Amino acid sequence: QVQLVESGGGLVQPGGSLTLSCEASESIASFTAMGWYRQAPGKDRDLVAVFTNGGWKNYADFVKGRFIISKDNGYNTVYLQMNNLKPEDTAVYYCNAKVSSYYDDYWGQGTQVTVSS
């Protein structure tokens, strides 16, 4: 059972930046995929950014050019650097890991990001 612990959420003004972290309880180097989703009130959970096998990065169109996903295998941690935040980025952000396959799926508890003046 993989444990994922997110941190780094909070309240930020429009145009500001935040960096989220997700630490896994075991090595992430061989994970099938690992990344971030978000869910705003009353909406579906959407993919934000993800690493896939081979180190490919995929971003949702609504964050391209503003968010950067990175990882540190030595610390079993994936990061999401969020820049130029907008009120519509307000959501609970969830870390997700697909360990041995896309069906071997784990979620963190979520961290709230609120963008407001």
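Further up the page is the structure itself.
Residues numbered from 1 in each chain as written. Predicted model: local features only at pLDDT ≥ 70, side-chain atom pairs only at ≥ 80, totals over all residues. Heavy atoms only, no water.

S.K.: Describe the overall build of the protein chain, naming the residues involved and giving the relevant values.
M.R.: Within the protein chain, the regular secondary structure consists of 0 helices and 11 strands. For the protein chain, the succession of helices and strands along the chain, N to C, is β-β-β-β-β-β-β-β-β-β-β. In summary, the protein chain has a C-alpha radius of gyration of 13 Å against a globular reference of 13 Å for 117 residues, a match within 12%. Based on the C-alpha atoms only, the size of the protein chain along its principal axes is roughly 40 × 25 × 25 Å. Here the protein chain holds 117 residues, and the buried ones make up 43% of them. (Helix = DSSP H or I, 4+ residues; strand = E, 2+ residues; numbered from the N terminus. Rg over C-alpha atoms; globule rule 2.2 N^0.38 Å. Buried < 20%, exposed > 50% of the residue type's maximum accessible area, 1.4 Å probe, protein only.)

S.K.: Any details on the packing of aromatic side chains? Residues and values, ideally.
M.R.: All chains considered together, the criterion is met by 2 aromatic pairs. With 5.0 Å between their ring centres and 65° between their planes, Y37 and W107 make a pair best called edge-to-face. One end of the pair, Y37, is in strand β4 (residues 33–39); the other, W107, is in strand β10 (residues 105–107), with 70 residues separating them in the sequence. Assessed through its relative accessible area of 34%, W107 is described here as partly exposed. Within the aromatic cluster, the residues linked to one another by ring pairs are Y37, Y94 and W107. (Phe/Tyr/Trp six-rings, centres within 6.5 Å; stacked < 30°, edge-to-face > 60°.)

S.K.: Describe the state of the cysteines, and please don't skip the residues or the numbers.
M.R.: Two cysteines form a disulfide when their sulfur atoms are joined by a covalent bond. Inspection of every chain in the model, using the stated rule, returns 1 disulfide. A disulfide bridge connects C22 with C95, and the sulfur atoms are separated by 2.0 Å. Judged by the torsion about the S-S bond (-80°), the C22/C95 disulfide is left-handed. Residue C22 is found in strand β3 (residues 18–24), and its partner C95 is found in strand β9 (residues 91–98); the two are separated by 73 residues along the sequence. Each of the two residues, C22 as well as C95, counts as buried. (Disulfide = S-S within 2.5 Å.)

S.K.: Just give me the short version of the nonpolar core, but keep the residues and values in it.
M.R.: Note that soluble globular proteins tend to have their nonpolar side chains buried in a common cluster. In this structure, L4, M34, W36, L80, M82 and Y93 are the most contacted members of the largest nonpolar core, which totals 30 residues. The set of elements that each furnish at least two residues to this core consists of β3, β4, β5 (45–52), β7 (67–72), β8 (77–82), β9 and β11 (111–115). If we ignore the near neighbours within four places in the chain, the residues touching L80 are L18, T19, L20, W36, V48, A49, F67, I68, I69 and Y93. (Core = buried A, V, L, I, M, F, W, Y, C linked by side-chain atoms within 4.5 Å. Contact = heavy atoms within 4.5 Å.)

S.K.: Tell me what's going on with the sheet that holds β3, and back it up with residues and numbers.
M.R.: Read from one edge of the open sheet, 4 strands run β1-β3-β8-β7, paired in antiparallel fashion. Among the strands making up the open sheet, the edge pair consists of β1 (4–7) and β7. If you compare each strand with its neighbour and ignore which way they point, the axes differ by 15° on average. Where β3 lies against β8, 6 bridges are found, and the strand directions are antiparallel. The residue of β8 that forms the bridge with E23 is T77. (Pairing = 2+ DSSP bridges. Axes fitted to C-alpha atoms, helices over the stretch in contact; angles between N-to-C directions.)

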